[in-house]
Amino acid sequence: MTRDISDLVAEGLSPFEAMRESPLEDMTTPSEVVTWCERYDLKAAGNALLLQLRQEDGADVWAWPGCARTTDRTTWSDALHGGKRLVRDTTQKPWKNTLKAMGGGLRPDRVYTVAGRTKRGKTAWLLNVAEGAAASNLEAPVLYVSAELGASEVAARLLSLRSEDAWYSSILHGRFDIYDVQNELDALSADLPNFYAWAPTFENRTAADLTEAIAAVSARHEGKPVLVLMDYLQRFHGPDMGSDIRLANRQISGQIRSLSRPGELPDSCPSWWSSKTWPGAAVVVLSSIGRAAYAHFENVEKVKAGLSGDLEGSFKETGEIEYDSAVVAVLTSDPSDYQNTEKPNPVNGVLRIVGGRYRGAGLVDYFFDGPQGRWTERELGKGVLPAQYKANTRQRK
C-alpha cells in the first residue's frame with residue numbers, strides 16, 4: 001500500500017526521498033503539491049547531482065584492460081561561481097533576434113515546435129531558453145520536462161552554462177571539488193527559485209501526469225501560467241500506451257495544445273485543482289526528424305538553403321502538432337570535433353522559422369559551444385567569434 005508523503009516527511013525523510021517512496025498520482029492535497037514542487041525544484045536537482053558525485057567518489061571503476069584508473073579530483077575555482085563567472089549582461093535583452101523570430105516572446109496559449117536531427121544541440125538550446133526565461137522573470141514559473149536527461153545532468157548542464165569555462169561532462173565526472181559544486185548549486189537554486197526540472201519515468205510520460213505537474217507548479221506560484229519546455233515529443237505517449245507511435249504522438253500533441261489554452265479545465269485536470277479555470281501555458285516542444293530527412297539538416301548552410309516545405313515536412317511523427325503551433329522552427333549546428341581536441345572552437349548554428357501562425361523573422365544565427373551547451377546569438381552581419389571565445393585565449397578545464 002502506498003504511504004502518504006506527509007507521513008514519510010514526518011518520519012524524517014527529505015521531500016526528495018519521500019517523493020521517491022510515493023508516486024506522482026497520489027498527490028491529492030495542497031501540502032503534497034508543495035512537496036512535489038520541492039521534489040523537482042533546482043535544489044532537489046542539485047541534491048541529486050551531489051548524491052551521484054558522492055556515490056561515485058571512490059567507487060569501483062572497471063577500466064579497459066591495460067588502462068590506469070585515475071581518481072584525482074582537481075579544484076578549478078577560477079572556472080566556477082566563486083572565482084571567474086560568466087555574468088549575464090542585464091542591460092541587453094538576451095537573444096533579442098530569437099525573441100523576434102519566435103513572435104515577440106513566449107506567451108501563454110501558444111505552442112512552439114522546434115525540430116532537428118540528433119546530436120546537434122537541441123537539448124542544449126532548450127536549456128538555454130529555460131535558464132534565460134527563469135532568470136529574466138522570477139515571477140514566471142518555468143517547468144523543464146526531460147525525457148532525455150536526469151535531474152542531476154540538468155543541474156550539471158546549468159552549472160556549466162553559467163560558468164566561465166567548465167564542461168558539463170567534467171562536472172558530471174567529478175573533476176571539480178564537490179564543495180565548489182555544492183556552493184555553485186546553492187547559488188543556482190537561489191538565483192532561479194522558479195525553475196523546476198522534472199524527468200518523468202516512462203509510465204509518467206502521459207498527458208495526465210504532465211497536467212498534474214503543470215498544475216502543481218502553477219499552484220505553487222499563485223495560479224500563474226507556466227512556461228513548459230518539453231524534451232522531447234516522441235518520448236511521451238497517449239493514455240493507451242499502445243504500440244502505434246503515430247497515434248500516440250497525435251494524442252499527446254492534441255493534449256499539449258489543450259493544456260496551453262487558458263479558461264476551460266482540461267479533461268486530465270487533477271481533482272485537487274481548486275480554481276474553476278485553467279491558467280494555460282506557453283509550451284516549447286522539441287521534436288526529432290526522420291533519418292530519411294537528415295540530408296536537409298547536415299549543416300547550417302543546407303538548412304538556410306532548403307525549401308521551407310521540405311524542412312517542415314521532415315518532422316518525425318509529430319502527431320500534427322505543427323498545425324497547432326504558433327511557431328514552427330528547425331534547429332541545427334555544424335558538426336563539431338570537440339571530442340577529438342582539447343580546445344575546440346564553437347561552431348555555427350541556426351534557427352530557421354518554417355511555419356506557424358505567429359512566425360516572425362526567418363533566421364537566427366548562433367555560435368554553439370557543445371561542451372558547455374551554450375548557444376550565443378551572432379551579431380547580424382558579423383561572422384567573428386565573441387571575445388570570450390577567441391581560440392588563442394580560451395583554456396578548457
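Undergrad: I keep staring at empty space enclosed by the protein and nothing clicks. Help me out?
TA: Empty space among the atoms becomes apparent when a probe as large as a water molecule is rolled across them. Scanning the entire structure with this criterion turns up one cavity of 30 Å³ or more. Computed from the structure, the largest cavity encloses a volume of approximately 40 Å³. Around the largest cavity, the lining residues are A124, L127, R157, L161, Y168, Q372 and G373. When contributions to the lining of the largest cavity are tallied by element, the ones reaching two or more residues are α6 (122-136) and α7 (151-162). Of the residues belonging to the lining of the largest cavity, the class tally is four nonpolar, two polar and one charged.

Undergrad: Just checking my understanding: could you explain the nonpolar core for this structure?
TA: A general feature of soluble globular proteins is that nonpolar side chains tend to end up buried together. Of all hydrophobic cores here, the largest spans 57 residues; its most connected members are L49, W125, F195, L229 and L351. If one sorts the elements of this core by residue count, α6 sits on top with eight residues. In contact with L351, not counting residues within four places along its chain, are T98, M102, V114, W125, A329, V330, L331, G362, L363, V364 and Y366.

Undergrad: What's the story with the packing of aromatic side chains in this structure? I'm lost.
TA: To describe a pair of aromatic rings, one takes the distance between the centres and the angle between the planes. Summed over the entire model, instances satisfying the criterion amount to eight aromatic pairs. On the basis of an interplanar angle of 65 degrees and a centroid distance of 5.4 Å, the ring pair of W95 and Y366 is categorised as edge-to-face. Of the two residues, W95 is situated in the loop between α4 (42-56) and α5 (96-101) and Y366 in strand β8 (residues 363-369); the sequence distance between them amounts to 271 residues. According to the relative accessible area criterion, W95 is buried, its value standing at 17%. Y366 gets classed as buried once you look at its relative accessible area, which sits at 0%. In this structure an aromatic cluster arises from ring pairing among W95, W125, Y366, F368 and W375. Above the face of the Y168 ring, R157 is positioned so that its terminal group lies 4.2 Å from the ring centre.

Undergrad: Explain the packing of α7 against helix α9 (residues 178-191) to me, please; I cannot follow it from the model alone.
TA: Pairs of packed helices are described in terms of their axes, by the angle between the two and the distance that separates them. Remark: α7 packs on α9, axes separated minimally by 10 Å, with the N-to-C direction vectors making an angle of 90 degrees. Classed by the angle they form, the pair α7 and α9 counts as roughly perpendicular. Contacts from A155, L158, L159 and R162 of α7 reach α9 at V181, E184, L185, A187, L188 and D191. Residues of the contact of α7 with α9, tallied by class, amount to seven nonpolar, no polar and three charged.

Undergrad: Would you take a moment to explain α9 for this structure?
TA: One turn of the α-helix equals 3.6 residues, which is why residues spaced by three or four share an orientation. Over its 14 residues, α9 runs 20 Å from end to end, which matches the ideal 20 Å to within 8%, given 1.5 Å per residue. When we look at burial in α9, the residues that qualify are I178, D180, V181, E184, L185, A187, L188 and S189.

Undergrad: In this structure, what is going on with the environment of V284? I would like to understand it.
TA: Mapping V284 onto the fold places it in strand β5 (residues 281-288). For V284, a relative accessible area of 1% corresponds to the buried category. Note: C-alpha distance between V284 and I256 (28 residues apart in sequence) is 10.0 Å. When near neighbours in sequence (up to four residues on either side) are disregarded, V284 contacts L106, Y112, W125, L126, L227, V228, L229 and M230.

Undergrad: Help me understand the packing of α6 against α7 in this model?
TA: Where α6 contacts α7, the two axes come as close as 11 Å, and the packing angle between them is 75 degrees. Here α7 runs roughly perpendicular to α6, going by the angle between their axes. Contact residues: α6 offers T123, A124, L127, N128 and E131, while α7 offers V154, R157, L158, L161 and R162. Across the contact of α6 with α7, the residue classes tally to five nonpolar, two polar and three charged.

Undergrad: Quick question: what am I supposed to make of the sheet that holds strand β7 (residues 347-355) here?
TA: Sheet strands pair via backbone hydrogen bonds, and the direction of the pair is either parallel or antiparallel. Strands sit in the order β3-β2-β4-β5-β1-β6-β7-β8-β9 across an open sheet of nine strands; the sheet is mixed. Among the strands making up the open sheet, the edge pair consists of β3 (195-198) and β9 (374-377). The sheet shows a mean angle of 25 degrees between the axes of neighbouring strands, direction not considered. Here strand β1 (residues 110-116) runs beside strand β6 (residues 327-333); their pairing, made up of four bridges, is parallel.

Undergrad: How should I be thinking about the pairing of β6 in this particular structure?
TA: A regular strand carries its side chains on alternate faces of the sheet. Of all the seven residues making up β6, seven are buried; the element is thus mostly covered by neighbouring parts of the structure. What you see with β6 is no split at all: V327, A329, L331 and S333 on one side and V328, V330 and T332 on the other are buried throughout. Across six bridges, the pairing between β6 and β7 is antiparallel. Looking at the pairing, S333 lines up with G349 of β7.

Undergrad: Got a minute to help me understand the pattern of salt bridges in this structure?
TA: A side chain with one charge can pair with a side chain of the opposite charge if their charged atoms come near. Summed over all chains, the structure comprises eight salt bridges. For E153, the salt bridge is made with R157, and the minimal N-O distance between the two is 3.1 Å. Taken together, the positions of E153 and R157, both in helix α7 and four residues apart, correspond to about one turn of that helix. Between K304 and D365 there is a salt bridge; the shortest N-O distance is 2.8 Å. Highlighted residues: K304 in helix α12 (residues 300-305) and D365 in strand β8, separated in sequence by 61 residues.

Undergrad: Is there a simple way to explain helix α10 (residues 207-220) in this structure?
TA: For α10, spanning 14 residues, the distance from its first C-alpha to its last is 20 Å, which sits close to the expected 20 Å at 1.5 Å a residue. Positioned one or two residues after α10, E222 has a phi angle of 60 degrees, which is positive.

What counts, and at which threshold
Residues numbered from 1 in each chain as written. Predicted model: local features only at pLDDT ≥ 70, side-chain atom pairs only at ≥ 80, totals over all residues. Heavy atoms only, no water. 1 Å grid on protein atoms, 1.4 Å probe; cavity = no way out; pocket = protein on both sides within 12 Å on 5 of 7 lines; lining within 4 Å. Points joined across faces, edges and corners; volume = space filled by probe spheres on them. Helix = DSSP H or I, 4+ residues; strand = E, 2+ residues; numbered from the N terminus. Nonpolar A, V, L, I, M, F, W, Y, C, P; charged D, E, K, R; others polar. Core = buried A, V, L, I, M, F, W, Y, C linked by side-chain atoms within 4.5 Å. Buried < 20%, exposed > 50% of the residue type's maximum accessible area, 1.4 Å probe, protein only. Contact = heavy atoms within 4.5 Å. Phe/Tyr/Trp six-rings, centres within 6.5 Å; stacked < 30°, edge-to-face > 60°. Lys NZ or Arg CZ within 6 Å of the ring centre and 35° of its normal. Axes fitted to C-alpha atoms, helices over the stretch in contact; angles between N-to-C directions. Parallel < 35°, antiparallel > 145°, perpendicular 65-115°, else oblique. Expected span 1.5 Å × (residues − 1). Pairing = 2+ DSSP bridges. Salt bridge = Lys/Arg side-chain N within 4 Å of Asp/Glu carboxyl O.

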